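Coordinates in review
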Amino acid sequence: MTRAEGSFTIKSWDEDAYQQLDGDAKLTRARVTFEITGDLAGEGHWDALMCYRQDGSAVYTGLQHTVVTVAGRSGSFVLRTDGVFEGGAARTSWEVIAGSGTGELAAVTGSGESISTGPPGGTYSLELEG
């Protein structure tokens with residue numbers, strides 16, 4: 001088991017509403033690119049669906065293709081992400097999709113979380129096996 005910790009920075013964020021709901025509520029799609037540093041070094045490419053509520057909070061889910069080096073091994077894997085934005089913080093749970101790994105990370109599995117309190121990014125913690 002490898003525990004990876006570090007931070008991420010938002011490199012780009014492209015988000016568009018695809019359905020307006022009552023008041024200020026809406027459904028959106030976002031495509032985001034992150035620079036990942038710390039125990040993981042590389043980039044994450046995240047596609048997400050978000051539901052913004054009337055109070056400005058949001059619930060989101062998505063997939064992130066993560067291309068990194070960890071503990072001297074290079075490759076990629078896909079994270080399933082689910083989270084909530086409220087009180088000025090985005091809290092996201094991460095799960096590595098089994099069988100999505102490539103290169104030296106082909107057999108990797110694991111889970112973790114990230115927390116962001118706004119641009120430019122936030123922190124992560126991820127437990128990896130394989």
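Up top you'll find the structure we're talking about.
Residues numbered from 1 in each chain as written. Predicted model: local features only at pLDDT ≥ 70, side-chain atom pairs only at ≥ 80, totals over all residues. Heavy atoms only, no water.

1. Notes on the overall build of the chain
Counting its regular elements, the chain contains zero helices and nine strands. For the chain, the α and β elements follow one another from N to C terminus as β-β-β-β-β-β-β-β-β. The C-alpha radius of gyration computed for the chain amounts to 15 Å, which stays within 12% of the reference 14 Å derived for 130 residues, consistent with globular compactness. Dimensions of the chain, computed from C-alpha atoms along their principal axes, come out at roughly 50 × 25 × 20 Å. When the 130 residues of the chain are sorted by exposure, 37% land in the buried category. For the chain, the proportion of contacts with a sequence separation of at least 24, taken over those separated by at least 6, is 45%. For the chain, the accessible area works out to roughly 6,900 Å², and carbon and sulfur atoms hold 52% of it. A gap of 2 Å separates the mean positions of the 9 positive and 18 negative side-chain charges of the chain. (Helix = DSSP H or I, 4+ residues; strand = E, 2+ residues; numbered from the N terminus. Rg over C-alpha atoms; globule rule 2.2 N^0.38 Å. Buried < 20%, exposed > 50% of the residue type's maximum accessible area, 1.4 Å probe, protein only. Contact = heavy atoms within 4.5 Å. Areas by Shrake-Rupley, 256 points an atom, 1.4 Å probe, with all protein chains shown as cover. Lys, Arg positive; Asp, Glu negative; His and termini not counted. Charge placed at Lys NZ, Arg CZ, Asp CG, Glu CD.)

2. Focus on unusual backbone geometry
Here Pro 119 and Pro 120 are connected by a cis peptide whose omega angle stands at 15°. Residue position: Pro 120 is located in the loop between β8 (109-116) and β9 (121-129). Despite not being glycine, Ala 71 has its phi angle at roughly 50°, a positive value. Relative to the assigned elements, Ala 71 resides in the loop between β4 (58-70) and β5 (73-86). For Ala 71, a relative accessible area of 64% gives the class exposed.

3. Considering the packing of aromatic side chains
This model, assessed by the stated rule, comprises five aromatic pairs. Note on Trp 13 and Trp 46: the rings are 6.2 Å apart at their centroids and 75° apart in plane angle, and the pair reads as edge-to-face. Here Trp 46 lies in strand β3 (residues 40-52) and Trp 13 lies in strand β1 (residues 2-20), a separation of 33 residues in the sequence. A residue is classified by how much of its surface remains accessible, and Trp 13, at 40% relative accessible area, is partly exposed. An aromatic cluster of at least three residues, connected via ring pairs, comprises Phe 8, Trp 13, Phe 34, Trp 46 and Tyr 60. Positioned above the aromatic ring of Tyr 52 is the side chain of Lys 26, whose terminal nitrogen or guanidinium carbon lies 5.2 Å from the ring centre. Lying across the ring of Tyr 18, Arg 29 places its NZ or CZ 4.1 Å from the centre. (Phe/Tyr/Trp six-rings, centres within 6.5 Å; stacked < 30°, edge-to-face > 60°. Lys NZ or Arg CZ within 6 Å of the ring centre and 35° of its normal.)

4. Overview of the pattern of salt bridges
Going through the model one piece at a time under the given rule, you end up with six salt bridges. Between Asp 47 and Arg 31 there is a salt bridge; the shortest N-O distance is 2.7 Å. Residue Asp 47 is located in strand β3, and its partner Arg 31 is located in strand β2 (residues 26-38); the two are separated by 16 residues in the primary sequence. Residue Asp 47 is classed as partly exposed on the basis of its relative accessible area of 35%. Of the charged contacts, one joins Arg 80 and Glu 95 as a salt bridge, the two residues approaching to 2.8 Å between their closest N and O atoms. Note that Arg 80 is positioned in strand β5 and Glu 95 in strand β6 (residues 89-96), a separation of 15 residues in sequence. The exposure class assigned to Arg 80 is partly exposed, which follows from its relative accessible area of 41%. Here the residues in one salt-bridge network are Arg 3, Glu 5 and Glu 127, joined through shared partners. (Salt bridge = Lys/Arg side-chain N within 4 Å of Asp/Glu carboxyl O.)

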